[in-house]
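Descriptive structure summary
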Amino acid sequence: MRALTWHGTHDVRVDTVPDPEIINPRDAILKITSTAICGSDLHLYDGVIPGVLPGDVLGHEFMGEVVETGKDSTLKKGQRVVVPFTISCGGCFHCQIKQYSACENSNPAEKQDMSATLYGHPMAALFGYSHLTGGYSGGQAEYVRVPFSDVGPIVIPDHLEDEKVLFLSDILPTGWMGAENADIQPDDTVAVWGCGPVGLFAIQSAIIMGASKVIAIDHYPHRLELAKKLGAEVINFKTTEVREALMEMSGGIGVDAVIDAVGMESHGFAVDNMLDMVKQTVGMGADRAAALKQAILAVRTGGRVSIPGVYGGMTDKFPLGALMEKGLQVRAGQTHVQRYTKPLLDKIEDGTIDTTFLISHRLPLEDAARGYKNFREEQDSWTKVVLKPGLEMEKAA
Amino acid sequence: MKNNREISMAGSVAAAGVALGALAFGAFLSRRHDGGSDDAPKNARRKNHGEHALVGRTVTIRKPAAELYAYWRDFGNLPEFMENVERITEEGGTKGRANWTIKAPAGTTVDLTTEVTDDVENNRIAWASVEGSDIETTGEVTFTEAPGDRGTRVSLRIEYDAPGGAIGRGIAKAFLREPEVQARHDLKRFKMLMETGEIATSAHRKSETRKAKQQENG
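Here's what I pulled together on the structure shown here.

Rules used throughout
- Residues numbered from 1 in each chain as written.
- Chains lettered and ligands numbered in written order.
- Predicted model: local features only at pLDDT ≥ 70, side-chain atom pairs only at ≥ 80, totals over all residues.
- Heavy atoms only, no water.
- Helix = DSSP H or I, 4+ residues; strand = E, 2+ residues; numbered from the N terminus.
- Buried < 20%, exposed > 50% of the residue type's maximum accessible area, 1.4 Å probe, protein only.
- Areas by Shrake-Rupley, 256 points an atom, 1.4 Å probe, with all protein chains shown as cover.
- Polar contact = N/O pair within 3.5 Å; in protein donor to acceptor, adjacent residues only side chain to side chain.
- Contact = heavy atoms within 4.5 Å.
- Phe/Tyr/Trp six-rings, centres within 6.5 Å; stacked < 30°, edge-to-face > 60°.
- Salt bridge = Lys/Arg side-chain N within 4 Å of Asp/Glu carboxyl O.
- Buried area = accessible area lost by both parts, 1.4 Å probe.
- Nonpolar A, V, L, I, M, F, W, Y, C, P; charged D, E, K, R; others polar.
- Core = buried A, V, L, I, M, F, W, Y, C linked by side-chain atoms within 4.5 Å.
- Axes fitted to C-alpha atoms, helices over the stretch in contact; angles between N-to-C directions.
- Parallel < 35°, antiparallel > 145°, perpendicular 65-115°, else oblique.
- Left-handed = near helix turned anticlockwise from the far one by under 90°.
- Pairing = 2+ DSSP bridges.
- Arc of directions from axis to C-beta.
- 1 Å grid on protein atoms, 1.4 Å probe; cavity = no way out; pocket = protein on both sides within 12 Å on 5 of 7 lines; lining within 4 Å.
- Points joined across faces, edges and corners; volume = space filled by probe spheres on them.

Looking only at helices and strands, one finds seven helices and seven strands in chain B. N-terminal to C-terminal, the α/β element order of chain B is α-α-α-β-α-β-β-β-β-β-β-α-α-α. Within the span of chain B, comprising 218 residues, buried residues form 50% of the whole. Here chain B has roughly 11100 Å² of accessible surface; of this, 48% comes from carbon and sulfur atoms.

If you want it as structure tokens, here you go:
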């Protein structure tokens, strides 16, 4: 089959690789119909996530048709399903308390040591990401093997086309959980750093959850425009002093909750961020956390900090004092996708949530490398790339 | 450049290499440490021991003790999750004799016969090698109730008499069969098998699974 494979920093290619096979009883094989490039794929593309190996098939936002099932799979051939990017067994302690992204059984035993060393505990497995998270082949391919297919995939009714539901795999639940982790109350002012896909969905979610005001922070005009259309007020951090603006916009109190939808490759021109960038570039592993640091300073005393943005290592000059002295609550984590797929599918079906506005480009899978390049370099206009294995080159938008 | 001296050195410790098979099925002891002054279990690593000897592992499995005990008591099941144990055949009888064939580095195997030395239903199984085995070993697994509905705490401890000692472990490390790591992985695979009915693999095709590769390498 054809698949997008990683070969090194800024080097991804569509190669021919062997088709996947059913290995375990609960497996299923999907024929991919739509798959997307995620902002966190760009962390792999930029080579800042450890444990990615040449030849790895990327992609953790995908959906498709069931073409083969193991004997204990509950799926049926021909069903259309969206697959959560987190792989969860459904049977362990964490899955039972719905902390799916902390599943104890999905990351193969021999691969758990690396993340256990880094983080103190092993991580659950993710599709198409690092070998720290299992090294499972991803879905930017014609076919994918889906383990624990009786737990993760959600069956999609025929009348909902791919583009309406594809983002249930990651960014919609991730934005939603980002807002949920901010514990939004009706009179709250909420600030969201980053108007990429997760930030935009977090804005949308915060508004649905009843925030009285949502303020979006970015520097790409088109992305700020999208945030505005969703109902947010916007701040361009290139032209405006963010914390001062937030203080004014919240009546001198500070915003009640902040959401960092930027993560480890944050832009920023403060000295510490530049230092972090140098360290990250030379592999010393300091995450650039300018957005998070700014968010912690901007949130009101006793406020909430939610971190859906991805971090993988350490960071320097962390405002620990502000965190403690202001009595902040912090919630973070990979998304417990399986917790949200059904309720969010319902919201898509009844029209409360529409995610299609985000898609700027549809490309054939064969053209995926160009998708990566432009999604990274033209962030203002390439807001979201959907790849379709069947699409012919000339039909590409 | 690999020179002949290295190779002959490897040859000279071949006798010790026999012990390596034992490393394959769990956690081991060559020197029991005296425990600390706190409540951490005996098998927890102490900082003042440069080369910790007793390694054992505990996992919590969301299944009743009876179910886990029953699976383990059937020794023929153990190779399902103990990666380097090729097979175990039970002779039966009152002493629960079983013959183990364990993979050792460089395509060799180690054979031993064990007898069950203690058997408390749903709670504890202990075994020891009998004379005539390639290595001397004892092991025990205990099943105790975890709080609330968290299932059962399963602790595995395997001790062995290690001719070669540190050298043996050194070689084991070179062959990626470090016993502590092996014990941890084996127990995690046991947990996976019990909680999910299968052992997680990120292999893309059957030929890429660790099992298939192992059979290939003999």
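The structure having been displayed, the exposition proceeds.
In this section: the side chain of Glu-163 of chain A. Residues and elements named next belong to chain A. Within the secondary structure layout, Glu-163 lies in helix H4 (residues 162-165). On the accessibility criterion, Glu-163 (14% relative accessible area) is buried. In terms of polar contacts, Glu-163 uses its side chain to reach the side chain of Arg-362, at 2.6 Å. Once residues lying within four places of it in the same chain are set aside, the contact partners of Glu-163 are Thr-355, Thr-356, Ile-359, Arg-362 and Lys-388.

A separate point is the packing of aromatic side chains. All names here are of chain A. Counted by the stated rule, this structure contains twelve aromatic pairs over all chains. Pairing Phe-201 with Phe-357 gives two aromatic rings, centres 6.1 Å apart and planes at 85 degrees, and the pair type is edge-to-face. On the criterion of sequence distance, the pair formed by Phe-201 in helix H6 (residues 197-208) and Phe-357 in the loop between helix H12 (337-349) and strand S16 (361-364) is long-range, its members being 156 residues apart. By relative accessible area, which is 0% here, Phe-201 ends up buried.

Attention shifts here to the pattern of salt bridges. A full pass over the atoms with the stated rule returns 30 salt bridges over all chains. Between Asp-188 of chain A and Arg-304 of chain A there is a salt bridge; the shortest N-O distance is 2.5 Å. Taken together, the positions of Asp-188 of chain A in the loop between helix H5 (171-180) and strand S10 (189-193) and Arg-304 of chain A in strand S14 (residues 299-307) put the pair 116 residues apart, joining distant regions of the chain. Just as Asp-188 of chain A is buried, Arg-304 of chain A falls in that class too. Between Glu-140 of chain B and Arg-124 of chain B there is a salt bridge, with its nearest N and O atoms 2.6 Å apart. Of the two residues, Glu-140 of chain B sits in strand S6 (residues 136-145) while Arg-124 of chain B sits in strand S5 (residues 124-129), which places them 16 residues apart along the sequence. For Glu-140 of chain B, a relative accessible area of 16% corresponds to the buried category.

Looking now at the interface of chain B and chain A. In this assembly, 23 residues from chain B lie in contact with 33 residues from chain A. Contact with chain A buries surface across chain B, with Glu-198, Ser-202 and His-204 of chain B losing the most and accounting together for 27% of the total. Here Asp-113 of chain A makes a salt bridge to Arg-184 of chain B, at a shortest N to O gap of 2.9 Å. Counting across the interface, chain B meets chain A through 22 residue pairs in polar contact (both at pLDDT 80 or more). Per-element tally for the side of chain B that touches chain A: the top contributor is helix H6 (residues 179-196) of chain B, with nine residues. Taken together, the residues of the side of chain B that touches chain A break down into five nonpolar, seven polar and eleven charged.

In terms of nonpolar packing, the biggest core is built from 57 residues, with Trp-72, Trp-100 and Phe-190 of chain B touching the most fellow members. Sequence-distant contacts of Phe-190 of chain B, that is, excluding residues within four places in its chain, are made with Ile-61, Leu-68, Tyr-71, Trp-72, Phe-81 and Val-154 of chain B. The next biggest cluster of nonpolar side chains, apart from the first, holds 46 residues, and it includes Leu-160, Val-192, Phe-201 and Leu-230 of chain A.

This next bit is on the packing of H5 of chain A against H6 of chain A. Any two packed helices are characterised by how steeply their axes cross, that is the angle between the axes, and by the distance between the axes. All names here are of chain A. Remark: H5 packs on H6, axes separated minimally by 7 Å, with the N-to-C direction vectors making an angle of 55 degrees. On the basis of their axis angle, the class for H5 and H6 is oblique. Here H5 runs over H6; the crossing is right-handed. Residues Ile-171, Leu-172, Thr-174, Gly-175, Trp-176 and Ala-179 of H5 form the contact with H6, whose own contacting residues are Pro-197, Val-198, Phe-201, Ala-202, Ser-205, Ala-206 and Ile-208. The class makeup of the residues in the contact of H5 with H6 is ten nonpolar, three polar and no charged.

Okay, the sheet that holds S10 of chain A next. Residue and element names in this part refer to chain A. Read across the open sheet, the six strands follow the order S12-S11-S10-S13-S14-S15; overall the sheet is parallel. Each having just a single partner strand, strand S12 (233-236) and strand S15 (329-332) make up the two edges of the open sheet. Taken over all neighbouring pairs, the strand axes of this sheet differ in orientation by 20 degrees on average, direction set aside. Bridge count for S10 against strand S13 (residues 255-260) is four bridges, and the pairing is parallel. Opposite Ala-191, over in S13, you have Val-258 as the bridge partner.

All names here are of chain A. Buried within helix H7 (residues 221-230) are the following residues: Arg-223, Leu-224, Leu-226, Ala-227 and Leu-230. The arc enclosing the buried residues of H7, seen along the axis, measures out at 155 degrees, which places them on a common side. For H7, exposure combined with an orientation more than 90 degrees from the buried face picks out Pro-221 and Lys-229. Lining the buried residues of H7 we find H6, strand S11 (213-218), S12 and helix H13 (368-377). Of the residues trailing H7, Gly-231 is marked for its positive phi of about 115 degrees.

What the rule picks out here adds up to two cavities of 30 Å³ or more. Here the largest cavity is characterised by a volume of approximately 50 Å³. Its residues assigned to classes, the lining of the largest cavity shows eight nonpolar, four polar and no charged. In this structure, the second largest cavity spans a volume of roughly 40 Å³. Lining the second largest cavity are Tyr-136, Ser-137, Val-144 and Arg-145 of chain A together with Ser-202, Ala-203 and His-204 of chain B. Of the residues belonging to the lining of the second largest cavity, the class tally is three nonpolar, three polar and one charged.

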